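Spelled out, the chains give:
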Amino acid sequence: YGGQPSYTGKLVSQQNSLAVDAVWACTNVLSGDIATLPFLTYRYVNGGRARATDHYLWSLLLEEANPELTAFRFKQLMQTWLCLWGNAYAEIQISGRGQVIGLWPWRPDRTTVSRAGSAYGPLQYSYRMQDNTIIGPIPQDRMLHLRGMGSDGVMGLSPIEVHRQTVGMSMA
């Protein structure tokens, strides 16, 4: 977790890059602003659309992503991870009735994305806990995977890794 070395010899990781003022400021502004945006649920009505305030997803997306995170904190966390790692993950908790009842964030540095079966199989996700036990694989229909800009359609590129040399020079 110390990061990868830059040409300056400074180790650069997603965590320690936040010590660079520009990285902190950009990440903070983006994640804070995105978190204030509402995720609204709509339904089609007479050829148009109307807010579906009575839909079961309404409160999940606008008030509380799970019992431990408000919707604001959830969106802020996911956007922070997108800014640093280029990917953000959340396991979708589904009730016995088949309804989404919670979104549980998975740290990007502990999440592994692979394909089931073959090179063209569906995506699946595994998570390494702090005690090194592995959760998963979880099928892609049970995961929310937000991707930043990428080059393969599966994974987003980490802005910190792409700009390691620049961040390392700022640290030096």
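In what follows, the structure referred to is the one given above.
Remember, predicted model here, so these are calculated numbers, not experimental data. (Residues numbered from 1 in each chain as written. Predicted model: local features only at pLDDT ≥ 70, side-chain atom pairs only at ≥ 80, totals over all residues. Heavy atoms only, no water.)

**Focus: the overall build of the protein**
For step 1, the next point in the chain: Within the protein, the secondary structure is distributed over 5 helices and 12 strands.
For step 2, the next point in the chain: Dimensions of the protein, computed from the C-alpha atoms along their principal axes, are close to 60 × 40 × 35 Å.
For step 3, the next point in the chain: Residue pairs in contact within the protein that sit at least 24 positions apart in sequence constitute 49% of those at least 6 positions apart.
For step 4, the next point in the chain: Total accessible area computed for the protein in this model is approximately 10,500 Å², and 55% of it derives from carbon and sulfur atoms. (Helix = DSSP H or I, 4+ residues; strand = E, 2+ residues; numbered from the N terminus. Contact = heavy atoms within 4.5 Å. Areas by Shrake-Rupley, 256 points an atom, 1.4 Å probe, with all protein chains shown as cover.)

**What to know about helix α1 (residues 21–36)**
For step 1, the next point in the chain: Here α1 is 16 residues long and its end C-alpha atoms lie 22 Å apart, about the 22 Å a rise of 1.5 Å per residue gives.
For step 2, the next point in the chain: Those residues of α1 that sit buried are Val 23, Thr 27, Ser 31, Gly 32 and Ala 35. For α1, the buried positions fall inside an angular range of 130 degrees around the axis, keeping them on one side. Those residues of α1 that are exposed and aimed more than 90 degrees away from the buried face are Asp 21 and Thr 36.
For step 3, the next point in the chain: Against α3 (71–85), α4 (159–162) and α5 (164–171) lie the buried residues of α1. (Expected span 1.5 Å × (residues − 1). Buried < 20%, exposed > 50% of the residue type's maximum accessible area, 1.4 Å probe, protein only. Arc of directions from axis to C-beta.)

**Brief notes about α3**
For step 1, the next point in the chain: For α3, which comprises 15 residues, the first-to-last C-alpha distance of 21 Å matches the rise-based estimate of 21 Å (1.5 Å per residue) to within 8%.
For step 2, the next point in the chain: Phi turns positive, to about 85 degrees, at Gly 86, one or two residues after α3.

**Looking at the sheet that holds strand β7 (residues 87–94)**
For step 1, the next point in the chain: What the 3 strands build is an open sheet, ordered β8-β7-β12; its pairing is antiparallel. Looking at strand neighbours, the two that pair on one side only are β8 (100–106) and β12 (143–147), the edges of this open sheet. In this sheet, neighbouring strand axes are inclined to one another by 25 degrees on average, regardless of whether the strands run parallel or antiparallel.
For step 2, the next point in the chain: Summarising the sheet, β7 and β8 pair through 6 bridges and their orientation is antiparallel. From the neighbouring strand, Tyr 89 faces β8, where its bridge partner is Trp 106.
For step 3, the next point in the chain: Each of β7, β8 and β12 touches α3; the most contacted strand, β7, lies at about 145 degrees to it. (Pairing = 2+ DSSP bridges. Axes fitted to C-alpha atoms, helices over the stretch in contact; angles between N-to-C directions.)

**A closer look at the environment of Arg 49**
For step 1, the next point in the chain: Along the polypeptide, Arg 49 turns up in strand β4 (residues 48–51).
For step 2, the next point in the chain: With sequence-adjacent residues up to four places away left out, Arg 49 is seen in contact with Tyr 42, Arg 43 and Tyr 44.

**Some details on the pattern of salt bridges**
For step 1, the next point in the chain: Counted under the stated rule, the structure contains 3 salt bridges.
For step 2, the next point in the chain: Close ionic contact of Asp 54 with Arg 43 constitutes a salt bridge, the shortest N to O distance being 2.9 Å. Taken together, the residues Asp 54 in the loop between β4 and α2 (56–62) and Arg 43 in strand β3 (residues 42–45) connect sequence positions 11 residues apart.
For step 3, the next point in the chain: In this structure Arg 43 comes out as partly exposed when scored by relative accessible area, which is 35%. (Salt bridge = Lys/Arg side-chain N within 4 Å of Asp/Glu carboxyl O.)

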